[in-house]
Amino acid sequence: MTYDRRAQQTAVPIDIHHRDGTAERTLLILTPDEMESLAIRLEQAIDKRHAVPAGSRCRAAE
């Protein structure tokens with residue numbers, strides 16, 4: 001992950017996995033506001049995961 005001060009953007013390397021089994025690496029470019037929003041959402045998802053009893057299944061997205 002790199003931050004470009006001049007552009008005021010963060011570049012996050014990600015792997016996109018396609019349904020046909022192939023994958024490709026690309027960059028997710030985020031503004032500071034988008035990065036903050038993503039951080040909050042990730043924290044919420046992690047908190048939900050920790051709240052699920054062991055052995056339970058939870059949905060990936062709601």
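In the block above lies the structure referred to throughout.
Scope of this entry: the structure provided in the associated data block.

Reading guide: rules and limits
Residues numbered from 1 in each chain as written. Predicted model: local features only at pLDDT ≥ 70, side-chain atom pairs only at ≥ 80, totals over all residues. Heavy atoms only, no water. Helix = DSSP H or I, 4+ residues; strand = E, 2+ residues; numbered from the N terminus. Buried < 20%, exposed > 50% of the residue type's maximum accessible area, 1.4 Å probe, protein only. Contact = heavy atoms within 4.5 Å. Areas by Shrake-Rupley, 256 points an atom, 1.4 Å probe, with all protein chains shown as cover. Pairing = 2+ DSSP bridges. Axes fitted to C-alpha atoms, helices over the stretch in contact; angles between N-to-C directions.

**What to know about the overall build of the chain**
Here's step 1: The secondary structure content of the chain amounts to 1 helix and 3 strands.
Here's step 2: Listing every helix and strand of the chain by position from the N terminus yields β-β-β-α.
Here's step 3: For the chain, with 62 residues in total, the buried portion stands at 6%.
Here's step 4: Relative to all contacts within the chain whose residues are 6 or more apart in sequence, the contacts with residues 24 or more apart total 9%.
Here's step 5: In the form shown here, the chain has an accessible surface area of approximately 5900 Å², with 51% of it arising from carbon and sulfur atoms.

**Let's talk about the sheet that holds strand 1 (residues 2-4)**
Here's step 1: With respect to topology, 3 strands assemble into an open sheet ordered 1-2-3, the strand pairing being antiparallel. Only two strands of the sheet have a single neighbouring strand rather than two, namely strand 1 and strand 3 (23-30). Sheet twist, expressed as the mean angle between neighbouring strand axes with direction ignored, is 35 degrees.
Here's step 2: In the sheet, strand 1 pairs with strand 2 (residues 9-17) via 3 bridges, with the strands oriented antiparallel. Following the sheet pairing, Asp 4 is matched in strand 2 by Gln 9.
Here's step 3: Contacts between helix 1 (residues 32-51) and the sheet are confined to strand 1, strand 2 and strand 3, with strand 3 contributing the most and set at about 115 degrees to the helix.

**Comments concerning the pairing of strand 3**
Here's step 1: Looking at chain direction, strand 2 and strand 3 are connected through 8 bridges and run antiparallel. Its bridge partner being in strand 3, Val 12 is matched across the sheet by Leu 28.
Here's step 2: With antiparallel pairing between neighbouring strands as the criterion, strand 2 and strand 3 make up a hairpin whose turn holds 5 residues, including Gly 21 at a positive phi of roughly 95 degrees.

**Focus on unusual backbone geometry**
Here's step 1: Within the chain, Gln 8 stands out as a residue other than glycine whose phi angle is a positive 55 degrees.
Here's step 2: Considering the arrangement of structural elements, one finds Gln 8 in the loop between strand 1 and strand 2.

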